[in-house]
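These are the residues of each chain, in order.
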Amino acid sequence: MARLVMKFGGTSVANIERIRNVARHVKREVEAGYQVAVVVSAMSGKTNELVGWCKDASALYDPREYDAVVASGEQVTSGLLAIVLQEMGLSARSWQGWQLPISTDDAHGSARILDIDSEKLGAAIDGGQVAVIAGFQGIHLPTGRLTTLGRGGSDTSAVAVAAALKAERCDIYTDVDGVYTTDPRVVPKARRLDRIAFEEMLEMASLGAKVLQVRSVELAMVHNVRTFVRSSLVDPDAPETANVEKAGTLICDEEEIVANQMESQVVTGIAFSKDEAQVSIRRVADKPGIAAAVFGPLADAHINVDMIVQNVSADGFTDITFTVPTADFERAKAVIEKARDTIAHQVVEGATDVTKVSVIGIGMRSHAGVAAQAFQALAGKGINIRAITTSEIKISFLIDAAYTELAVRTLHSLYGLDS
Ligand code: ADP
Ligand code: ASP
Ligand code: MG
């Protein structure tokens, strides 16, 4: 019998009524003949509350205890869904990460899945029982400590379970009915995509579209898991809900995307991230070794540098600008100041009220001029570009945060994405 993994995010399990609705989605698939493993998130808002409690308890909390606290949200929903499924007459039980086990490394707070033991899980669902797995959590086996996978990690749990079970599909149920050309909460004219290539989804997710956790897309790509993003907030028994091809967005290999669709569409989506801070180092000598003097200490401090711009020098001096995650802004400036002896800069400045807006599309590989169009359109709206980076299938612009919505909407229209 075919196996199916169904993942439900926080909004989908926000209260008992929603959990009943989720149970009806599960029942539909069981009745359609699937062996089902369900992965659940904590009720919406719960993880934020738990994280807040840890921070209130101590600014320098032990990350192992943080994981013990924040993993509890998913424990609650897995048990509740199992109860509701049982009440509906289905055989079901909850599984915590450590019970399977889902083994991870010991990077507490953002652990990576190493392996999922599918033996007990496979036996349970083979026997006709619905397995309700707590997402977001695992165990570091050598120490026996609970771990969590980073915010949004239940997506990754679900795709990993689907790969381990060799499931036919992994359905990610959320509060939107698929992946859109950009965040539909920001651009009402955003369009739902029927299909999006793994590479594009990976860029969308890592550049700010939080509809899927980045690692879940990486895993789906590596293990070729057919992943659908779809809405849980629909009538589970409506005939159109059963037709997954119509009811959501399939994330798949480039080859599966109809050729003419890709040729006509150069840009697939726009993503944005406010989690960026700009650091500028003024007047450093324009000579070999300076970039190493700047970025070496940042790497040693585990600070992730993203965009980098270096000006052309006029008089033997130049400016270097780069971006880091907002949370690392103060630390990054401190690292540069500490390395003043080798960098010999005049001043370090920066800003946190900046946004990175990115244009993504596999079609950009074979089309020139995509960036030039964007420069013109942004200039037309009086939006100044602070930094730019490009890769084969994306262009990112750093702009003032105040212009985020205007920039996203302008680019969305520019590339013909408006519905
Ligand atoms: P869940 O709790 O189900 O995991 P998330 O809040 O993590 O849900 O992700 C769903 C949200 O992602 C949507 O409500 C939407 O606002 C946001 N989002 C951002 N970019 C996109 C996009 N391109 N397509 C769809 N949703 C997006
Ligand atoms: N509950 C966790 C979070 O809010 C994991 C998830 O929802 O995927 O980050
Ligand atoms: Mg999520």
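Per chain, the residues get numbers from 1 upward, laid out in the order the sequence is written. For this description, chains carry letters from A and ligands carry numbers from 1, given in the order in which they are written. A pLDDT threshold of at least 70 governs which residues receive local features in this predicted model, and a stricter bar of 80 or more applies before side-chain atom pairs are shown or counted, although totals over entire chains, interfaces and linings include all residues. Heavy atoms throughout the structure, all of them, feed into the side-chain values; hydrogens and water do not.

### A look at the pairing of strand S12 (residues 248-252)
- Buried means the residue's accessible area, taken with a 1.4 Å probe over protein chains only, is under 20% of the maximum for its type, while exposed means over 50%, and partly exposed covers the values in between. In DSSP terms, a helix is any run of H or I states spanning at least four residues, a strand is any run of E spanning at least two, and both are numbered starting from the N terminus. Burial within S12 is extensive, with 5 of its 5 residues counted as buried.
- Taken together, the 3 bridges between strand S10 (residues 195-197) and S12 define a ladder with parallel strand orientation. Each residue of the ladder has a partner; that of Ile196, found in S12, is Ile251.
- Whether two strands pair comes down to DSSP finding at least two bridges between them. Pairing geometry for strand S11 (residues 227-231) and S12, over 4 bridges, is antiparallel.

### A word on the packing of aromatic side chains
- Whether two aromatic rings pair depends on their centres lying within 6.5 Å, for rings of Phe, Tyr and Trp, where Trp uses its six-membered ring; planes under 30 degrees apart make the pair stacked, over 60 edge-to-face, and the rest tilted. If you walk through the whole model with that rule in mind, you get 4 aromatic pairs.
- Each ring, one from Phe8 and one from Tyr173, has its centre 4.5 Å from the other, and the planes form 20°; the classification is stacked. Pair noted here: Phe8 is in strand S1 (residues 3-8) and Tyr173 is in strand S9 (residues 169-174), with a separation of 165 residues, a long-range link.
- For Tyr173, a relative accessible area of 0% puts it in the buried group.
- Centroid distance Phe375 to Phe397: 5.8 Å. Interplanar angle 85°. Geometry classified as edge-to-face. Highlighted residues: Phe375 in helix H15 (residues 370-380) and Phe397 in strand S18 (residues 394-400), separated in sequence by 22 residues.

### Structural notes on the packing of H15 against helix H16 (residues 404-414)
- With axes taken as lines fitted to C-alpha atoms, and helix axes fitted only over the stretch in contact, angles between N-to-C directions fall between 0 and 180 degrees. Relative orientation of the contacting elements H15 and H16 amounts to 130°, with a least axis distance of 10 Å. One element, H15, and the other, H16, form an angle in the oblique class. Where H15 crosses over H16, the handedness of that crossing is right-handed. For the pair H15 and H16, the contacting residues are Gln373, Ala374, Ala377 and Leu378 in the first and Ala407, Thr410, Leu411 and Leu414 in the second. For this classification, under 35 degrees means roughly parallel, over 145 means roughly antiparallel, 65 to 115 means roughly perpendicular, and everything else is oblique. Two helices that cross are described as forming a left-handed crossing if the nearer one is turned anticlockwise from the farther one by less than a right angle, and a right-handed crossing if clockwise. Whether two residues are in contact is decided by their heavy atoms, any of which lying within 4.5 Å being enough.

### Focus: the site of ligand 1
- If you check the shell around ligand 1, you find 17 residues, and the closest are Thr174, Asp175, Tyr180, Asp183 and Arg185.
- Think of a polar contact as two N or O atoms within 3.5 Å of one another; within protein, one of them needs to be a possible hydrogen donor and the other a possible acceptor, and neighboring residues in sequence only count if both atoms come from side chains. In this structure, an oxygen atom belonging to ligand 1 sits 3.2 Å away from a side-chain N or O atom of Lys7.
- In the model, an oxygen atom of ligand 1 is placed 3.1 Å from a nitrogen or oxygen of the Gly10 main chain.
- Note that accessible areas follow from Shrake-Rupley with a 1.4 Å probe, and for residues the cover is restricted to the protein chains shown. Calculation on ligand 1 without its partners gives an accessible area of 570 Å², and the protein chains cover 90% of this total.
- Each residue receives one of three labels: charged for Asp, Glu, Lys and Arg, nonpolar for Ala, Val, Leu, Ile, Met, Phe, Trp, Tyr, Cys and Pro, and polar for the others, Gly being one of them. Classifying every residue of the shell around ligand 1 gives 7 nonpolar, 5 polar and 5 charged. We call a residue near a molecule or strand when any one of its heavy atoms sits within 4 Å of it.

### Thoughts on the pairing of S18
- The element S18 is largely enclosed, with a buried count of 6 among its 7 residues.
- Where strand S17 (residues 387-391) lies against S18, 5 bridges are found, and the strand directions are antiparallel. Looking across to S18, one finds that Ile388 is bridged to Phe397.
- Between S17 and S18, which pair antiparallel in sequence order, lie 2 residues.

### Details of the site of ligand 2
- Around ligand 2, the neighbouring residues are Ser41, Ala42, Thr47, Glu74, Phe136, Arg151, Gly152, Gly153 and Ser154.
- In the environment of ligand 2, an oxygen atom lies 2.8 Å from a nitrogen or oxygen atom belonging to the backbone of Gly152.
- Summarising the interface, the protein chains cover 85% of the accessible area of ligand 2, which totals 260 Å² for the free molecule.

### Some details on the sheet that holds S18
- One open sheet holds the 6 strands; their spatial order is S14-S15-S13-S16-S18-S17, and the pairing between them is antiparallel. The sheet is open, and its two borders are formed by strand S14 (308-310) and S17, each paired with just one other strand. Each neighbouring strand pair of the sheet contributes to a mean axis angle of 25°, computed without reference to strand direction.
- By the bridge criterion, 7 bridges tie strand S13 (residues 269-285) to strand S15 (residues 317-324) in an arrangement that is antiparallel. The residue bridging Gln278 from the neighbouring strand is Thr323, located in S15.

### Some details on unusual backbone geometry
- Note that the residue after Leu100, namely Pro101, is joined by a cis bond; omega there is -10°.
- Note that Pro101 resides in the loop between strand S3 (92-95) and strand S4 (102-104).
- The backbone phi angle of Lys166 is positive, close to 50°, even though this residue is not glycine.

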